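Take a look at the letters that make up each chain.
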Amino acid sequence: MLKVFNSHAISRNQRFTKAIIWGVPTALITGIVYGFISHISPFEFSIVYIGIGYLIGYVIKNKGRGVHLRFSMLAAGLTIVAILIGDVLAFFGPEAFSSIDYVIFAFSSTIMLWLSANIGTLIGLLFRVAGVYFAYTNARIV
């Protein structure tokens, strides 16, 4: 009997769901790990954000195996979430998540710090943008 189709192939939506299932924990874990390490260290390791973006893009590409733009958008969004979580934990520590009021304050303060105009935050912001770029470009099969 001749097989005309691959019965083991998964659909586009199943691949995207698989990318979400693997991408979300990757983003959360990398953001939390970076945040804790950066909080206890006296140095800022902004270059790590490029690696975080690359890792999230890599996981989404290998687990989701998608070719559509939404895989890249997912990777970029998850990288922004990982960066935001990492920065909140680095600046405020684990107590940033103690109450909803403090969470809102910590996240808004972190975003305001990103937008402040001094050379140190500008270089750090460029590393963050590069991390999002690497996630975006490495999340799809081309």
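The rules behind each value
Residues numbered from 1 in each chain as written. Predicted model: local features only at pLDDT ≥ 70, side-chain atom pairs only at ≥ 80, totals over all residues. Heavy atoms only, no water. Helix = DSSP H or I, 4+ residues; strand = E, 2+ residues; numbered from the N terminus. Buried < 20%, exposed > 50% of the residue type's maximum accessible area, 1.4 Å probe, protein only. Areas by Shrake-Rupley, 256 points an atom, 1.4 Å probe, with all protein chains shown as cover. Lys, Arg positive; Asp, Glu negative; His and termini not counted. Charge placed at Lys NZ, Arg CZ, Asp CG, Glu CD. Phe/Tyr/Trp six-rings, centres within 6.5 Å; stacked < 30°, edge-to-face > 60°. Lys NZ or Arg CZ within 6 Å of the ring centre and 35° of its normal. Axes fitted to C-alpha atoms, helices over the stretch in contact; angles between N-to-C directions. Parallel < 35°, antiparallel > 145°, perpendicular 65-115°, else oblique. Contact = heavy atoms within 4.5 Å. Nonpolar A, V, L, I, M, F, W, Y, C, P; charged D, E, K, R; others polar. Polar contact = N/O pair within 3.5 Å; in protein donor to acceptor, adjacent residues only side chain to side chain. Core = buried A, V, L, I, M, F, W, Y, C linked by side-chain atoms within 4.5 Å. pLDDT = per-residue confidence, 0-100. Expected span 1.5 Å × (residues − 1).

### Some remarks on the overall build of the protein
Okay, so step 1: When you go through the protein residue by residue, the secondary structure sums to 5 helices and 0 strands.
Okay, so step 2: With respect to the principal axes defined by its C-alpha atoms, the protein has extents near 65 × 30 × 20 Å.
Okay, so step 3: In the protein, buried positions account for 37% of the 142 residues.
Okay, so step 4: Carbon and sulfur atoms make up 73% of the accessible area of the protein, which totals about 8,600 Å².
Okay, so step 5: Taking the average place of the 10 positive charges on the side chains of the protein and the average place of its 4 negative ones, the gap between the two points comes to 33 Å.

### Quick word on the packing of aromatic side chains
Okay, so step 1: Evaluated as defined, the whole model comprises 8 aromatic pairs.
Okay, so step 2: Seen in terms of ring centroids, phenylalanine 92 and tyrosine 102 are 6.1 Å apart; in terms of plane orientation they differ by 80 degrees. Their pairing is edge-to-face. With phenylalanine 92 in helix H3 (residues 69-92) and tyrosine 102 in helix H4 (residues 100-115), the pair connects residues that are 10 residues apart, well separated along the chain.
Okay, so step 3: For phenylalanine 92, a relative accessible area of 17% puts it in the buried group.
Okay, so step 4: Pairwise contacts between aromatic rings join Phe92, Tyr102 and Phe105 into one cluster.
Okay, so step 5: Looking at arginine 70, its charged tip hangs above the ring of phenylalanine 16, at a distance of 4.6 Å from the centre.

### Side note on the packing of H3 against H4
Angle between the axes and distance between the axes: these two values describe a pair of packed helices.
Okay, so step 1: The interhelical angle for the contact between H3 and H4, taken along N-to-C directions, is 100 degrees, at an axis separation of 10 Å. Here H4 runs roughly perpendicular to H3, going by the angle between their axes. Contacts from Ile83, Leu84, Asp87, Val88, Phe91 and Phe92 of H3 reach H4 at Tyr102, Phe105, Ala106, Phe107, Ser109, Thr110, Ile111, Leu113 and Trp114.
Okay, so step 2: A breakdown of the residues in the contact of H3 with H4 according to their chemical character gives 12 nonpolar, 2 polar and 1 charged.

### Re the side chain of threonine 110
Okay, so step 1: Looking at the element boundaries, threonine 110 is found in helix H4.
Okay, so step 2: A polar side-chain atom of threonine 110 sits 2.7 Å from the main-chain carbonyl oxygen of alanine 106.
Okay, so step 3: In contact with threonine 110, not counting residues within four places along its chain, are Leu84, Asp87, Val88, Phe91 and Phe92.

### Thoughts on the nonpolar core
Okay, so step 1: Residues Ile52, Ile56, Ile60, Leu74, Ala75, Leu78 and Val88 are the most contacted members of the largest nonpolar core, which totals 24 residues.
Okay, so step 2: Elements with a minimum of two residues in this core: helix H1 (12-40), helix H2 (48-64), H3, H4 and helix H5 (119-137).
Okay, so step 3: Ranked by residue count, the leading element in this core is H3, at 10 residues.
Okay, so step 4: Apart from residues no more than four positions distant in its own chain, isoleucine 56 is found in contact with Thr26, Ala27, Thr30, Ala75, Leu78, Thr79 and Ala82.

### Remarks on the confidence of the model for the protein
Okay, so step 1: Counting all residues, the mean pLDDT for the protein is 89, and 93% of those residues have values of 70 or more.
Okay, so step 2: Here H4 stands out as the least confident element of the protein, with mean pLDDT 88; H2 is the most confident, with 95.

### Considering H3
Because the α-helix completes a turn every 3.6 residues, residues three or four places apart line up on one side.
Okay, so step 1: The end-to-end C-alpha separation of H3 is 35 Å, in line with the 34 Å expected for 24 residues at 1.5 Å each.
Okay, so step 2: For H3, a buried count of 17 out of 24 residues is recorded, marking the element as mostly surrounded by other parts of the structure.
Okay, so step 3: Glycine 93 sits one or two positions beyond H3 and adopts a positive phi of about 80 degrees.

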